[in-house]
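Remarks on the overall topology
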Amino acid sequence: MRQKATIRVSIKIDKKLHKLELIPQPWRGRYWLRYNGKNSDKMPECTISKLMDECRKIIVKSEK
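Please read these numbers as outputs of a predicted model, since none were measured by experiment.

So, how was this worked out
- Residues numbered from 1 in each chain as written.
- Predicted model: local features only at pLDDT ≥ 70, side-chain atom pairs only at ≥ 80, totals over all residues.
- Heavy atoms only, no water.
- Helix = DSSP H or I, 4+ residues; strand = E, 2+ residues; numbered from the N terminus.
- Buried < 20%, exposed > 50% of the residue type's maximum accessible area, 1.4 Å probe, protein only.
- Salt bridge = Lys/Arg side-chain N within 4 Å of Asp/Glu carboxyl O.

1. Description of unusual backbone geometry
In the Ramachandran plot, Asp14 falls in the positive-phi region, its phi being about 55 degrees despite a non-glycine side chain. With respect to the helices and strands, Asp14 occurs in the loop between strand E1 (7-13) and strand E2 (16-24). According to the relative accessible area criterion, Asp14 is exposed, its value standing at 73%. Even without being a glycine, Asn36 presents a positive backbone phi close to 50 degrees. Within the secondary structure, Asn36 sits in the loop between strand E3 (31-35) and strand E4 (38-39).

2. Examining the pattern of salt bridges
Taken as a whole and assessed by the stated rule, the structure comprises 6 salt bridges. Across the salt bridge formed by Glu21 and Arg8, the nearest N and O atoms sit 3.2 Å from each other. Highlighted residues: Glu21 in strand E2 and Arg8 in strand E1, separated in sequence by 13 residues. By relative accessible area, which is 12% here, Glu21 ends up buried. Judged by relative accessible area, which is 57%, Arg8 ranks as exposed. Between Arg34 and Glu21 there is a salt bridge, with the nearest N and O atoms lying 3.3 Å from each other. Of the two residues, Arg34 sits in strand E3 while Glu21 sits in strand E2, which places them 13 residues apart along the sequence. Of the two residues, Arg34 and Glu21, both sit in the buried class.

Spelled out as structure tokens, the structure:
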């Protein structure tokens, strides 16, 4: 059974969509990360701070 995400962040840059979803772990403050509907290979687990840092990197990369 696929677990439901409690936090979803979508970033649309030009025509490319980045969907980031956080699924809570049993430990408080830790999450599994799902990127575009698949488990993330780059960062399989994270905190909200790490997620926001990843969002910032996506946005900055698009501006270059």
